[in-house]
Amino acid sequence: MDFVKRHIVSPGKTPHLKTVETDESGPFKDKDAAKQFTAETVDKIRDLQYRMFVEQKQSLLVVLQAPDAAGKDGLIRKVLGQMNPQGCRTYPFKVPSSSERAHDFLWRIHKATPAAGMVSVFNRSHYEDVLVVRVEDLVPKSVWSKRYDIINHFEEGLMERGTKILKFYLHISPEEQLSRFKKRLENPDKHWKLNVGDYAARDKWKDYREAYEEVLDKCSTRDAPWFVIPADHKWYRDASVASIVHDTLVKMDPQMPPVDVDLDEVRQLYERELNQQRG
Ligand code: ADP
């Protein structure tokens, strides 16, 4: 199955999120089949990431946005965080600090973008500045409404430098979210995740949905697309994102750099050392 085609938001074809299924299971006959697929795909991602790291020309930026409990952390743990940490960094974006707020909204973001050869994973992102900021009325409309263009220009600049950008919205149903909140309540190891604000955000589900739709509509571009990932099944979420990241790296086609040493000379040096060691 082509997960890119299935879940990409093509410019001009923004879906109504209310009508997009959240519990898709794709081609997988069961959870184990999906997990097997994910494990194999993650291995392939790692090989390609290694090539990109050594090539030092291109980079990859993965943006994750989602309602609470939709599984950003799980996706990072099981898929994106499985890349070689030498070449991959994860950046969580929380409520801006006072120093961050004293700058333009992209200041903290730009510093986290990937250098050549690297992967950056954004756990929340600059899109919060047109999502939570809009829904919670944190700045006037005259301010946030200009940000879609600013974001598009910013992302164009990153792409110009060789950064490929993938943006994922993890799409869960309010019912599945509530059931995950219940599991958090029942599991003391998850109590640290409890947050009264998460319940307040449920009252604004429709407002968030509209805000997300506008993001998809204005900022899913041909070269920096958004994907809407059905996320009620964790195993489908992981498998589909893994597949999209893998296909993207295949297209980027990172190459090992040409060898710039004389291999014969190195072999001779090796033989000499070996002979000396043998005495
Ligand atoms: P997470 O839910 O990502 O695991 P937290 O529970 O710490 O992490 O939540 C981070 C909070 O920071 C979220 O409520 C999010 O909306 C908020 N946040 C992130 N970026 C901004 C921003 N630019 N302005 C206001 N709030 C933000």
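Residues numbered from 1 in each chain as written. Predicted model: local features only at pLDDT ≥ 70, side-chain atom pairs only at ≥ 80, totals over all residues. Heavy atoms only, no water.

Going by the annotation in an unreviewed UniProt entry, the name recorded for the protein is Polyphosphate kinase 2 (PPK2), with Rubripirellula lacrimiformis given as the source organism. In its Sequence similarities (unreviewed entry) section, the UniProt record describing the protein reads: "Belongs to the polyphosphate kinase 2 (PPK2) family. Class I subfamily." (UniProt positions renumbered as here; feature names shortened; annotations may be inferred.)

*Asks:* What's the story with the site of the ligand in this structure? I'm lost.
*Replies:* Residues in contact with the ligand amount to 14 residues; listed here are only the nearest, K72, K94, V95, R124 and E128. Between an oxygen atom of the ligand and a side-chain N or O atom of K72, the distance comes to 2.9 Å. A distance of 3.2 Å separates a nitrogen atom of the ligand from a polar side-chain atom of D129. Protein burial of the ligand: of its 570 Å² of free accessible surface, 75% is covered by the chains. The class makeup of the residues in the shell around the ligand is six nonpolar, one polar and seven charged. (Near = heavy atom within 4 Å. Polar contact = N/O pair within 3.5 Å; in protein donor to acceptor, adjacent residues only side chain to side chain. Areas by Shrake-Rupley, 256 points an atom, 1.4 Å probe, with all protein chains shown as cover. Nonpolar A, V, L, I, M, F, W, Y, C, P; charged D, E, K, R; others polar.)

*Asks:* What's the story with the side chain of S220 in this structure? I'm lost.
*Replies:* Positionally, S220 belongs in the loop between α11 (205-219) and β5 (226-230). On the accessibility criterion, S220 (4% relative accessible area) is buried. A distance of 2.8 Å separates a polar side-chain atom of S220 from the backbone nitrogen of W226. Setting aside its immediate chain neighbours within four residues, S220 contacts V9, P11, V215, P225 and W226. (Helix = DSSP H or I, 4+ residues; strand = E, 2+ residues; numbered from the N terminus. Buried < 20%, exposed > 50% of the residue type's maximum accessible area, 1.4 Å probe, protein only. Contact = heavy atoms within 4.5 Å.)

*Asks:* When you look at the environment of W192 in this model, what are you seeing that I'm missing?
*Replies:* Secondary-structure assignment places W192 in the loop between α9 (174-186) and α10 (196-202). Residue W192 is classed as exposed on the basis of its relative accessible area of 65%. Looking at W192, its side chain comes within polar contact range of the main-chain oxygen of D189, at 3.2 Å.

*Asks:* Is there a simple way to think about the packing of helix α2 (residues 31-55) against helix α12 (residues 234-252) in this case?
*Replies:* In contact at an axis separation of 8 Å, α2 and α12 are set at 30 degrees when each is read in the N-to-C sense. Comparing the axis directions of α2 and α12 gives the class roughly parallel. α12 is crossed by α2, and the crossing has left-handed handedness. Here K31, A34, F37, T38, T41, K44, I45, L48 and M52 of α2 come into contact with α12, specifically with W235, D238, A239, A242, S243, V245, H246, L249, V250 and M252. Here the residues of the contact of α2 with α12 are counted per class, giving twelve nonpolar, four polar and three charged. (Axes fitted to C-alpha atoms, helices over the stretch in contact; angles between N-to-C directions. Parallel < 35°, antiparallel > 145°, perpendicular 65-115°, else oblique. Left-handed = near helix turned anticlockwise from the far one by under 90°.)

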